[in-house]
Amino acid sequence: MLKTCLECGEKIVGREDKKFCNDGCRNSFNNKMNKDSTNYMRTINNKLRKNYRVLCGLNVEGKTKTSESKLLSLGFDFDYFTNVLNTKSGNSYRFVYDQGYLVLADGFIMLVKRAF
């Protein structure tokens, strides 16, 4: 059975389970499959990445306290997060992947890192 490259259609030589003729075709194919399909998705993903970088930069110890103004000055956007964790005590932590925050009184924010 003659197999062809999923990216360029060239004949594949080598292992039976090979899908691409070379690394360049494999990379090109995967980049196309994994790219953001719309500007809207790209914009949201960029905001999530920015929020994540800000939280990681401030929360190197795994738990710390900062101010809302500090987060805002670093470009953090409170409208973009990946999930919410509601605790039994009634607190709502907002997370950007494994980096979370809890809005406290007087403009302070508790930053936490969730272990999985």
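Below or above, wherever it landed, is the structure these notes cover. Predicted model only: the values in this text are computed from it and were never measured.

What follows deals with the side chain of serine 67. Among the structural elements, serine 67 can be located in strand S1 (residues 63-67). Ignoring any residue separated from it by four or fewer positions in sequence, one finds serine 67 in contact with Gly107, Phe108 and Ile109.

Time to look at the environment of leucine 55. Its place among the elements puts leucine 55 in helix H2 (residues 39-58). Along the primary structure leucine 55 and alanine 115 are separated by 60 residues, whereas in three dimensions their C-alpha atoms are 15 Å apart. Filtering out sequence-adjacent residues up to four positions away, leucine 55 remains in contact with Leu71, Phe76, Val96, Gln99, Tyr101 and Leu111.

The next point concerns the pairing of strand S5 (residues 108-113). Each regular strand displays side chains that alternate between the two surfaces of the sheet. Bridge analysis of S1 against S5 gives 5 bridges, and the strand direction is antiparallel. In the sheet register, serine 67 faces S5, and the bridge partner there is phenylalanine 108. Following strand S4 (residues 99-103), the chain reverses through 4 residues before pairing antiparallel with S5; aspartate 106 in that reversal takes a positive phi of roughly 60°.

With 4 of 5 residues buried, S4 is to be regarded as a mostly interior element. Strand direction decides the pairing type here: strand S3 (residues 92-96) and S4, joined by 3 bridges, are antiparallel. What sits directly across from arginine 94, in S4, is tyrosine 101. Between S3 and S4, which pair antiparallel and follow one another directly, the connecting turn spans 2 residues, one of which, tyrosine 97, has a positive phi of 60°. Where S4 and S5 come together, 5 bridges link them in antiparallel fashion. Of the residues in S5, the one forming a bridge with glutamine 99 is lysine 113.

Take the packing of aromatic side chains next. All told, the structure shown has 5 aromatic pairs when counted by the stated rule. Their ring planes at 75° and their centres at 5.8 Å tell us that tyrosine 52 and tyrosine 97 sit as a pair that is edge-to-face. On the criterion of sequence distance, the pair formed by tyrosine 52 in helix H2 and tyrosine 97 in the loop between S3 and S4 is long-range, its members being 45 residues apart. Residue tyrosine 52 is classed as partly exposed on the basis of its relative accessible area, which comes to 26%. Between phenylalanine 76 and phenylalanine 78, the aromatic rings sit 4.9 Å apart at their centres with planes inclined by 75°, giving edge-to-face as the arrangement. Of the two residues, phenylalanine 76 and phenylalanine 78, both sit in the buried class. In this structure an aromatic cluster arises from ring pairing among Phe76, Phe78 and Tyr101. The ring of phenylalanine 108 has lysine 65 lying over it, and the distance from NZ or CZ to the ring centre is 5.1 Å. Just above the ring of phenylalanine 95 sits the side chain of arginine 114; from NZ or CZ to the centre is 5.7 Å.

The next subject is the nonpolar core. Formed by Leu48, Val54, Leu55, Leu71, Phe76, Phe78, Val96, Tyr101, Ile109 and Leu111, the largest nonpolar core amounts to 10 residues. For this core, the secondary structure elements donating two or more residues are H2 and S5. In terms of residues, this core owes the most to one element, H2, which gives 3 residues. Ranked by size, the runner-up nonpolar core spans 5 residues in total, among them Tyr93, Phe95, Leu102 and Val112.

Analysis parameters
For every chain, the first residue of the written sequence is number 1, and numbering continues from 1 along that sequence. A pLDDT threshold of at least 70 governs which residues receive local features in this predicted model, and a stricter bar of 80 or more applies before side-chain atom pairs are shown or counted, although totals over entire chains, interfaces and linings include all residues. To obtain the side-chain values, all non-hydrogen atoms of the structure were used and water was disregarded. Secondary structure elements follow DSSP: runs of H or I no shorter than four residues count as helices, runs of E no shorter than two count as strands, and numbering proceeds from the N terminus. Contact between two residues is taken to exist if any of their heavy atoms lie within 4.5 Å; hydrogens are not considered. Here, any two strands with at least 2 DSSP bridges between them count as paired. To sort residues, take the accessible area from a 1.4 Å probe on protein chains only and compare it with the maximum for the residue type: under 20% means buried, over 50% means exposed, and anything in between is partly exposed. Stacked, tilted and edge-to-face pairs are distinguished by plane angle, under 30 degrees for stacked and over 60 for edge-to-face with tilted covering the rest, among Phe, Tyr and Trp rings (Trp via its six-membered ring) whose centres lie within 6.5 Å. Distance and angle both matter: a charge sits over a ring if NZ of Lys or CZ of Arg is within 6 Å of the ring centre and within 35 degrees of the ring normal. Here the nonpolar core consists of buried residues drawn from Ala, Val, Leu, Ile, Met, Phe, Trp, Tyr and Cys, with membership extended through side-chain atoms lying within 4.5 Å.

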